[in-house]
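Structural overview
Here is how the chains run, residue by residue.
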Amino acid sequence: MDGTLLEAIGWLGSAVLVVSLLQTNLHRLRWINPVGCVVLIGYNGVVGVWPMVGLNIVLATINVWYLVRSHHERHDERAYEVLQVDGDDTYLALLTDPWVISGPGGRVGGRRG
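A brief look at the structure comes next. (Residues numbered from 1 in each chain as written. Predicted model: local features only at pLDDT ≥ 70, side-chain atom pairs only at ≥ 80, totals over all residues. Heavy atoms only, no water.)

1. A short note on the overall build of the chain
Quick note on the threshold: Numbering of helices and strands runs from the N terminus; a helix is a DSSP stretch of H or I covering at least four residues, while a strand is a stretch of E covering at least two. Buried means the residue's accessible area, taken with a 1.4 Å probe over protein chains only, is under 20% of the maximum for its type, while exposed means over 50%, and partly exposed covers the values in between. Any two residues having at least one pair of non-hydrogen atoms within 4.5 Å are treated as being in contact.
Along its length, the chain carries four helices and two strands. Order of helices (α) and strands (β) in the chain, N terminus to C terminus: α-α-α-α-β-β. By residue count, 19% of the 113 residues in the chain fall in the buried class. The contacts in the chain between residues at least 6 apart in sequence include a share of 33% that link residues at least 24 apart.

2. Some details on the packing of aromatic side chains
Our working definition: Put simply, two rings from Phe, Tyr or Trp (the six-membered ring, in Trp's case) pair if the centres are within 6.5 Å, and we call them stacked under 30 degrees between planes, edge-to-face over 60, tilted for the rest.
Applying the stated criterion to the full structure yields one aromatic pair. Summarising the aromatic geometry, the rings of W65 and Y66 are spaced 4.9 Å apart at their centres and angled 80° between planes, so their arrangement reads as edge-to-face. A residue is classified by how much of its surface remains accessible, and Y66, at 32% relative accessible area, is partly exposed.

3. Digging into the environment of Y66
Relative to the elements of secondary structure, Y66 occurs in helix 3 (residues 50-73). Separated by 39 residues in the primary sequence, Y66 and H27 place their C-alpha atoms 8.9 Å from one another.

Distances and angles like these do not, on their own, reveal function.
As structure tokens, this is what we get:
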């Protein structure tokens, strides 16, 4: 295989992993990450970087395991607990406010603007 093509495949796999880590939706991360892992398993196997092959096999396995688990638990009432809160609940507002950031000294609840 041409060295330039091989390097491009390695960079592509790395880019897919980075894109997966930028996902705010964990389920989407779990779908994208194994794709990058599979590309990097192939790339690192060809170039003989066996620790990276092992790492990517473990990462892909973890992601697939969580995807299968979430698929089986999606209708299991025991897997999720619904908490009743009032519409003006302070904790609910904190969790649903996209502008909540860490304040001075790492204090949670500081707000922009």
